[in-house]
Number of protein chains: 2
Amino acid sequence: MTTPPAPDRTTSGTPTSAAAAGTRLDPWLASYAARTGGMRASEIRALFAVANRPEVVSLAGGMPYLARLPMDQLADIAGRVVAERGLVALQYGSGQGDETLREQILEVMRLQGIEAHPDDVVVTTGSQQALDLVTRVFVDPGDVVVAEAPSYVGALGVFRAYQADVVHVPIDADGLVPAALDETLTELAAAGRRVKLLYTVPNFHNPAGVSLASSRRPQVLEIARRHGVLVVEDDPYGLLGFEGEPRAALRSMDDEGVLYLGSFSKTFAPGYRVGWVVAPHAIREKLVLASESAILSPSNASQLTVSCYLATYDWRSQVKDYREMYRERRDAMVGALADHLPSATWTVPEGGFYTWVRLPEGLDAREMLPRAVTALVAYVPGTAFYFDGRGADHMRLSFCYPTPDRIREGVRRLAGVVTAERELVELFGATGGGGSPAVQAPGPDVA
Amino acid sequence: MTTPPAPDRTTSGTPTSAAAAGTRLDPWLASYAARTGGMRASEIRALFAVANRPEVVSLAGGMPYLARLPMDQLADIAGRVVAERGLVALQYGSGQGDETLREQILEVMRLQGIEAHPDDVVVTTGSQQALDLVTRVFVDPGDVVVAEAPSYVGALGVFRAYQADVVHVPIDADGLVPAALDETLTELAAAGRRVKLLYTVPNFHNPAGVSLASSRRPQVLEIARRHGVLVVEDDPYGLLGFEGEPRAALRSMDDEGVLYLGSFSKTFAPGYRVGWVVAPHAIREKLVLASESAILSPSNASQLTVSCYLATYDWRSQVKDYREMYRERRDAMVGALADHLPSATWTVPEGGFYTWVRLPEGLDAREMLPRAVTALVAYVPGTAFYFDGRGADHMRLSFCYPTPDRIREGVRRLAGVVTAERELVELFGATGGGGSPAVQAPGPDVA
């Protein structure tokens, strides 16, 4: 028996109707905190309830493809952890996380040149919790977080929840543009704004698919340091590059000015919700206190299971296997785009899960989505990845979960929708604009 | 191999020295959010690193005693979940939680008279996360949370983290005093304060060991309703009563004005970090959005394992077994107190994990703690359970984790310390006072 990925989604309406219903029906409406005003059900949430149906090819989700995992051996590991260490696995643990796992995490990070001490690591309930804790510890309402344009939708949601103001900095094919970053930070300083964090996904960017060039990394660090801005390096995909060795992490070049966020969700499996953050000592201490307040301690059962997997299974081979599988899917994606959607442009990611597609002139990815879902293909409109309403001319296509054949079929369907849209645009002019409000986070499975 | 329960604790100093070191060494000190000012390492954290040594009898911790769990069968369940449902267990899940588990949670709550719909339940990373989410959704800085005097230290920590102001209401042997609640809420309204939540642990209170009398329950609800205050019913121990049937939950009498927080941490095991909150529809929707922002989704692996345990094991017998075991320990505790500490007074809890001990006149539980640890016994000073510095005349003794023999030995040691303290007080007068600052949360294992 399997449960549907997101049963709650079927009950959500659009924000308009939900807000209207709330006004009438919710006796606690006047009691909510100010920050709760920013929490709205996604406009596209209801649509994704449909998009999760098996006949739809979803190029929307960020779910890893898990069928290649050695389930029998993982079952054995899960059982052994309870049989042999049940009194620890089933008990409360340290707020900072299991010490053995923290040592193993160092080993994983060494592949990207990071040297740290187990005491620098805080284990979190997925790296999403790390984002939440970092924002909690640093961001007052009205503070600025500088982030790439576009940025991971789940990070924008956290910043919004803490009432931050996100200012975007452009990226190009080599990632964050240092000159633009410097200029933005200079302008913000001149305007008297408090910039607390620079949020960046330097490897195989979500959603843009690009990576920060090695030559730019020291420049970005120098600029951030000069402006007194802490760098949040969010790196769930760093080991999932399709060619060559992993690039050196920003954290490998600066251990006082970077908070490094890692995760086992993409390189192993998300169901245990094990991520981590590496932080300088004083910050690490605050993060542990914040985490204890939020959840007391991360799950020992999850941590010990991941720890046992790392200790007893050839996890490097598993990561290699994932890399090969996702490369094949990336190839299917960009091949199908070239075959079927020559009127669009897209990034060719060297790793990770996503490509970022610019639609032909005049098309609006959000307006087009219902028609795409009707044509049995789903994607995430670019507006989800901006704080300021931009992005309607882009869509994120993910190649992580569907098989190569399904990816090709999905792109073929999408091409049909785009062709029909272009005909409409030619007849009647553009259907949407860039000034409409940003799409909210569509929920965990499209993270 | 077992890891120590809290390795991070050994590195923490007192807040004074940590703050001083921070001023000198932390380059990010000026960047922290205002709320982070309230996050301080516990004064008694370093002490508890010592208290966790095996030669110390810890009457401080709130860890359940897990050796009675059927580990072989639980290992089998953990393995089966991965072998049979690995693709779901290891994947991202719904932000609201697994639907089957939410149905099973209804079955558990029915034992306390609660009728709800699976859609009313949000699964959380332990009920601590439920507390965090509820506070996040409702509390602006400066808002008032009304809470029992004393209150669960971990809840006070959450309220502090969201910059709430906690106003205490007295309890007696029958729990929260309705007249005092009414008076406090009236005064707060007259003073123009915004009271958002009433936080209460109605069953087997932590730390006080008392329960809210059945006759008072409708009164408390009526008062809260009249003042427009939402009730947060925190009920981890409700099924762990030593005699008779579980009392009807507040939520069973009011489904619009009560948020009910439940947990498997005490009735099953805390290591999976599975708790839940039951909320009216509009609030539930906000809680799901807040949880998605905080962690994306709770662990499917944990949820499916707990779900399989509930479906395949006689969990009601397990709860009964826990009840009998904890009753025996309660008896050992109160028996030893009568034998060795007749100069103190204490509550005799009818369930749960804790007794609340009033020290003889002139003694200060916080001042005495280092001497107790030297005598190889630990407790939590009463100051931890107040927002306003009170409580030095009390200590919380927990009887959940040590065996009856160890409990008796611990109380015997404690009696020796008290006797020595009393002699000092008689010679030199009282050693401490009630005006000193509150002790912070000492970390998860003493929750």
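None of these values were measured; they are calculated from a predicted model.

Counting its regular elements, chain A contains 13 helices and 14 strands. The buried share of chain A, reckoned over its 447 residues, is 65%. For chain A, the exposed surface amounts to about 14,500 Å²; the carbon and sulfur share of it is 53%.

Let's shift gears to the relation of the copies chain A and chain B. Rotating chain A by 180 degrees and translating it 0.0 Å along the rotation axis places it on chain B, where the RMSD comes to 0.0 Å. The symmetry that links the two subunits is that of a two-fold axis. Among all residues of chain A, the minimum C-alpha distance to the rotation axis is found for Gly-79 of chain A, at 2.3 Å. A symmetric contact is evident, with 99% of the interface residues of chain A recurring at the interface of chain B.

Residue and element names in this part refer to chain A. When you line up the elements, Asp-364 lands in the loop between β11 (354–358) and α12 (365–374). Buried and unpaired, Asp-364 has no salt bridge, with Arg-366 as the nearest side chain of opposite charge at 4.7 Å. Engagement of the side chain of Asp-364 in a polar contact is seen with the backbone nitrogen of Arg-366, the distance being 2.8 Å. Engagement of the side chain of Asp-364 in a polar contact is seen with the backbone nitrogen of Glu-367, the distance being 2.9 Å.

As a further point, take the sheet that holds strand β7 (residues 230–234) of chain A. Strand pairing in a sheet is mediated by backbone hydrogen bonds. Such pairs are either parallel or antiparallel. All names here are of chain A. Strand order in the open sheet formed by eight strands is β2-β9-β8-β7-β6-β3-β4-β5, with mixed pairing between adjacent strands. This sheet does not close on itself; its edge strands, each paired only once, are β2 (121–125) and β5 (175–176). Pairing of strand β3 (residues 144–149) with strand β6 (residues 195–200) involves four bridges; the strand directions are parallel. Paired with Ala-147 across the strands is Tyr-199, a residue of β6. Those strands touched by helix α9 (residues 281–295) are β2, β7, β8 (258–263) and β9 (274–278), and its axis lies near 25 degrees from that of β2.

Attention shifts here to the interface of chain A and chain B. Residue-level contacts link 106 residues of chain A with 107 residues of chain B. The junction of chain A with chain B conceals about 8,500 Å² of combined surface from both sides, 60% of it contributed by carbon and sulfur atoms. Among the salt bridges present, the one from Asp-132 of chain A reaches Arg-136 of chain B, with a minimum N-O distance of 3.0 Å. Across the contact surface, chain A and chain B share 40 residue pairs in polar contact (both at pLDDT 80 or more). Secondary structure elements with two or more residues in the side of chain A that touches chain B: α3 (71–89), α4 (99–110), α5 (126–138), α6 (153–161), α9 and α10 (300–312) of chain A. Of the residues belonging to the side of chain A that touches chain B, the class tally is 54 nonpolar, 29 polar and 23 charged.

Reading the values: the criteria
- Residues numbered from 1 in each chain as written.
- Chains lettered and ligands numbered in written order.
- Predicted model: local features only at pLDDT ≥ 70, side-chain atom pairs only at ≥ 80, totals over all residues.
- Heavy atoms only, no water.
- Helix = DSSP H or I, 4+ residues; strand = E, 2+ residues; numbered from the N terminus.
- Buried < 20%, exposed > 50% of the residue type's maximum accessible area, 1.4 Å probe, protein only.
- Areas by Shrake-Rupley, 256 points an atom, 1.4 Å probe, with all protein chains shown as cover.
- Least-squares fit on C-alpha atoms with pLDDT ≥ 70 in both.
- Contact = heavy atoms within 4.5 Å.
- Lys, Arg positive; Asp, Glu negative; His and termini not counted.
- Salt bridge = Lys/Arg side-chain N within 4 Å of Asp/Glu carboxyl O.
- Polar contact = N/O pair within 3.5 Å; in protein donor to acceptor, adjacent residues only side chain to side chain.
- Pairing = 2+ DSSP bridges.
- Axes fitted to C-alpha atoms, helices over the stretch in contact; angles between N-to-C directions.
- Buried area = accessible area lost by both parts, 1.4 Å probe.
- Nonpolar A, V, L, I, M, F, W, Y, C, P; charged D, E, K, R; others polar.

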